[in-house]
Amino acid sequence: MFYHLMKYVLLGPLLKLLFRPRIEGLEHIPEEGAAIVAGNHLSFSDHFLMPAVIDRRITFLAKQEYFTGPGIKGRLTAAFFRAAGQIPVDRSGKEAGKAAIREGLGVLERGELLGIYPEGTRSPDGRLYKGKVGVAVMALTAGVPVVPCAMVGTFEIQPPGKVLPRIRRVAIRFGEPLDFSRFAGSADQKTVVRAVTDEIMYEVLRLSGQEYVDEYAATVKAAGTDDGEAPRKFPRTER
């Protein structure tokens, strides 16, 4: 009830009015049945803008910190994410990753849409970072298509650390569903899940036109900028 109230009555129409998103490829979202929508993650605003333009309900795996923040702001944020049906994910360690995959598979088993950011965290600088393989494990285990998605312009309206977004127009692009049925039964093979993840990230890159960095965003964030060595990167993909 709360999800539909926010999406169709309160928050959704307001977001569309303020940010006037240019939407491309919305027809690629399946009208029914389970699927994964895998996108880049540039801004806190992504959590709200992408669901606002998709007709179906979509459940995201959200970082646990959104549910455990201190103070009034933390409690309000947690209440919002819980009421919206989002799933908290503990990102600290291998076992936590397995738990997140189980939760995601539960969403897919119900025939619903699952939203995931394969980078695992927001981009610190607007570039696209290496994807984690959980998205591939879930796609292969559940046997569902993956719809690549690119948020364009959300880093500029609300980069990390900015509380209130700037009011500017953004774009949201959905690519054709990726079918990985040729890899059925290979969810436990490291080389396969890595290849599938990289294919998904390439499609996101193609849609977004971002510069690609062949490092995990969390690793770059943890290292900071004091080591004097920039991560390996690939040229910007034009669209």
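Here the structure is shown first, and the text comes after it.
Source: prediction; values computed, not measured.

Peer 1: Please give an account of the overall build of the protein that cites residues and values.
Peer 2: Scanning the protein from N- to C-terminus turns up eight helices and 10 strands. Buried positions account for 49% of the 239 residues belonging to the protein. The long-range share in the protein, meaning contacts at least 24 apart out of those at least 6 apart in sequence, stands at 77%. When the accessible surface of the protein is totalled, it reaches about 12,200 Å², and 55% of it is carbon and sulfur.

Peer 1: So what's going on with the pattern of salt bridges? Which residues, and what values?
Peer 2: Scanning the entire structure with this criterion turns up seven salt bridges. The closest approach of N and O atoms between Arg194 and Asp198, which form a salt bridge, is 3.0 Å. Placement of the pair is Arg194 and Asp198 together in helix α7 (residues 190-208), with a separation of four residues, close to one helical turn. When its relative accessible area of 18% is taken as the criterion, Arg194 is described as buried. Residue classification places Asp198 among the partly exposed residues on the basis of a relative accessible area of 35%. Linked through salt bridges whose partners overlap, the residues forming this network are Asp125, Arg127 and Glu211.

Peer 1: Which residues make up the sheet that holds strand β2 (residues 35-39), and what are the values?
Peer 2: One open sheet holds the seven strands; their spatial order is β1-β8-β7-β2-β5-β3-β4, and the pairing between them is mixed. Each edge of the sheet is formed by a strand with only one pairing partner; in this case those strands are β1 (22-24) and β4 (87-89). Across this sheet, the average inter-strand angle for adjacent strands is 25°, counted without regard to direction. In the sheet, strand β3 (residues 58-63) pairs with β4 via three bridges, with the strands oriented parallel. Considered in β4, the bridge of Ala62 is made with Pro88.

Cut-offs applied
- Residues numbered from 1 in each chain as written.
- Predicted model: local features only at pLDDT ≥ 70, side-chain atom pairs only at ≥ 80, totals over all residues.
- Heavy atoms only, no water.
- Helix = DSSP H or I, 4+ residues; strand = E, 2+ residues; numbered from the N terminus.
- Buried < 20%, exposed > 50% of the residue type's maximum accessible area, 1.4 Å probe, protein only.
- Contact = heavy atoms within 4.5 Å.
- Areas by Shrake-Rupley, 256 points an atom, 1.4 Å probe, with all protein chains shown as cover.
- Salt bridge = Lys/Arg side-chain N within 4 Å of Asp/Glu carboxyl O.
- Pairing = 2+ DSSP bridges.
- Axes fitted to C-alpha atoms, helices over the stretch in contact; angles between N-to-C directions.

Any functional reading would require information that these geometric values do not contain.
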